[in-house]
Amino acid sequence: MDIYILKLLVIGILLLSVTLGSGLISRLPLSYALIYLLVGVFLSPYGLNLIQLRPEAKFLERLTELVVLISLFSCGLKMNRPLKTWAWNSTIRLIGLLMPITIFAVAAIAHFFLSFDWGAAILLGAILAPTDPVLASEVQIFHPDDKDELRFGLTSEGGLNDALAFPFVYFGLYWLKDDNWQNWFVQWVAVDVIWAIAAGFAMGIIVARVTVWLDKQTQRLIKVDNLMEDFVALSMILLTYSLTELVNGYGFLAVFVAGVVAQKTYRDPEKRFSQLEFTETLEKLLEIATILLLGSLLRIEPIMRFLPQGLLVAGALIFLIRPVGAWVSTIGEDHSPLRRLLFGWFGIRGVGSLYYLAYALGSSLKGDMGEQIAWITFITVIISVVLHGITSTPLMNRYERHVERRKQRAIAAKSEAA
């Protein structure tokens, strides 16, 4: 029988199963990512042997790049806060404090316990720093009118740290090439920190505003087909990313900013909701492809060889670094203890880390060190997908009950005061 037809059959069964079973899956301690990962392993040479692809780093980089781009724009469209510092305080703390804490804590573990030199150690920390905006749909804002602070903080964090980890990735790569940091540090600060971040913000604003303006002007003159209109979102993603990269800015950052600006600029809420639904559909389809591919790539021999190192890094990151870092980062904030604990727990690693890994492998990360960092990253992502996939539904259900009880107590207190 044609192997291609078998693949189509299996994919069709998978899509039908997760679609018809979505109501049940949403109530079980499972995530879609965990299901796709298990199916990917089942389709690998350890199972049906239907997926035999061993992609090069460049292919994996481009696939994960596209997934992250669409997800970042979707995150931007969900941002429902005014562009004021006080409204984004949770995000600022999670990016400005928690992300550097994560990078340097992981780097310290890799340096002191795994004998990495500092360049490779910081690179590993930067690869594992981003929380994933693709796989964390269970704990993200699910609608632009959702005002919950936990969901907003996790969604905005996932949108921004996928872009703002890039300077640290470059830092690690530069160090691998030249351990005399005085030769490149000034250039790194000027180009890879100041210029690239500023260009990302600027291009995200400019391209989004121009695209929305052109869309509105065209709509006044010519009626655009409703089925084609959602492609404005896809064009905005591609234009923003490519133009920003042409001026050496961070395209990921620009795409997230473009989503925020588009959400603020469109006056018609139906337009925003339609684009959000379209990008989320694309995101879910690409997520299936990426996680299936990850599952099919796993091999027992290298996993067992690097398992102690992977368990050390993943365990420290998930159970120590993220929870302690999140608790420190939210000191002084008006959060309940449960919310602060959940900020610390929901730091899922996934497609963003895979992208940075593929990017590093396509740059100066080679040889034994490249293999070591790759399998530590794979093991960490797998453990994160399993743990967070199992716990996200029950923990979020508990959190929703907690929020509802707080609302009822607040209403009762107001009634008694009146």
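**Points about the layout of surface pockets**
Vacant regions in the atomic arrangement are exposed by a probe of water-molecule size rolled over the atoms.
Thinking step 1. Within this model, the largest pocket holds a volume of roughly 700 Å³.
Thinking step 2. In this structure, the largest pocket is lined by 28 residues; those nearest its centre are Trp88, Leu160, Phe201, Phe256 and Val257.
Thinking step 3. Those elements that place two or more of their residues in the lining of the largest pocket are helix H5 (89-114), helix H7 (149-164), helix H8 (166-177), helix H9 (185-221) and helix H12 (251-265).
Thinking step 4. It is H9 that contributes the most residues to the lining of the largest pocket, seven residues altogether.

**A few points about a nonpolar patch on the surface**
Thinking step 1. On the surface, a nonpolar cluster with roughly 700 Å² of combined accessible area is contributed by Leu97, Ile101, Leu320, Val324, Trp327, Val328, Ile331 and Leu341.
Thinking step 2. Sorting the residues of the nonpolar patch by element identifies H5 and helix H14 (300-329) as the ones contributing at least two each.
Thinking step 3. Looking at the nonpolar patch element by element, the count peaks at four residues for H14.
Thinking step 4. Structurally, Val324 can be placed in helix H14.

**A word on the nonpolar core**
Thinking step 1. Formed by 111 residues in total, the largest nonpolar core has its most connected members in Phe73, Phe116, Leu124, Phe252 and Ile373.
Thinking step 2. The greatest single-element share of this core, amounting to ten residues, is contributed by helix H4 (residues 57-78).
Thinking step 3. Counting residues in each nonpolar core, the second largest holds 15 residues, with Leu150, Ala326, Leu338 and Tyr399 among its members.

**Points about the pattern of salt bridges**
Thinking step 1. Across all of its chains, the model carries ten salt bridges by this definition.
Thinking step 2. A salt bridge links Lys78 to Glu280, with the shortest nitrogen-to-oxygen separation between them at 3.0 Å. Residue Lys78 is located in helix H4, and its partner Glu280 is located in helix H13 (residues 269-297); the two are separated by 202 residues in the primary sequence.
Thinking step 3. Look at Lys78 and you get buried, because its relative accessible area is 4%.
Thinking step 4. Residue Arg93 pairs with Glu333 through a salt bridge whose shortest N-O separation is 3.6 Å. One end of the pair, Arg93, is in helix H5; the other, Glu333, is in the loop between H14 and helix H15 (337-345), and 240 residues separate them in sequence.
Thinking step 5. Bridged by salt links that share partners, the residues Lys58, Glu61, Arg62 and Glu65 form one connected network.

**Considering the environment of Thr330**
Thinking step 1. Summarising the element assignment, Thr330 is placed in the loop between H14 and H15.
Thinking step 2. Taking the relative accessible area as the measure of exposure, Thr330 reaches 4% and is therefore buried.
Thinking step 3. Separated by 115 residues in the primary sequence, Thr330 and Asp215 place their C-alpha atoms 40 Å from one another.

Reading guide: rules and limits
Residues numbered from 1 in each chain as written. Predicted model: local features only at pLDDT ≥ 70, side-chain atom pairs only at ≥ 80, totals over all residues. Heavy atoms only, no water. 1 Å grid on protein atoms, 1.4 Å probe; cavity = no way out; pocket = protein on both sides within 12 Å on 5 of 7 lines; lining within 4 Å. Points joined across faces, edges and corners; volume = space filled by probe spheres on them. Helix = DSSP H or I, 4+ residues; strand = E, 2+ residues; numbered from the N terminus. Patch = residues over 30% accessible without salt bridge, like charges linked within 9 Å, V, L, I, M, F, W, Y side chains within 5 Å. Areas by Shrake-Rupley, 256 points an atom, 1.4 Å probe, with all protein chains shown as cover. Salt bridge = Lys/Arg side-chain N within 4 Å of Asp/Glu carboxyl O. Core = buried A, V, L, I, M, F, W, Y, C linked by side-chain atoms within 4.5 Å. Buried < 20%, exposed > 50% of the residue type's maximum accessible area, 1.4 Å probe, protein only.

Note that every value here comes from positions in space, so none of it alone points to a role or purpose.
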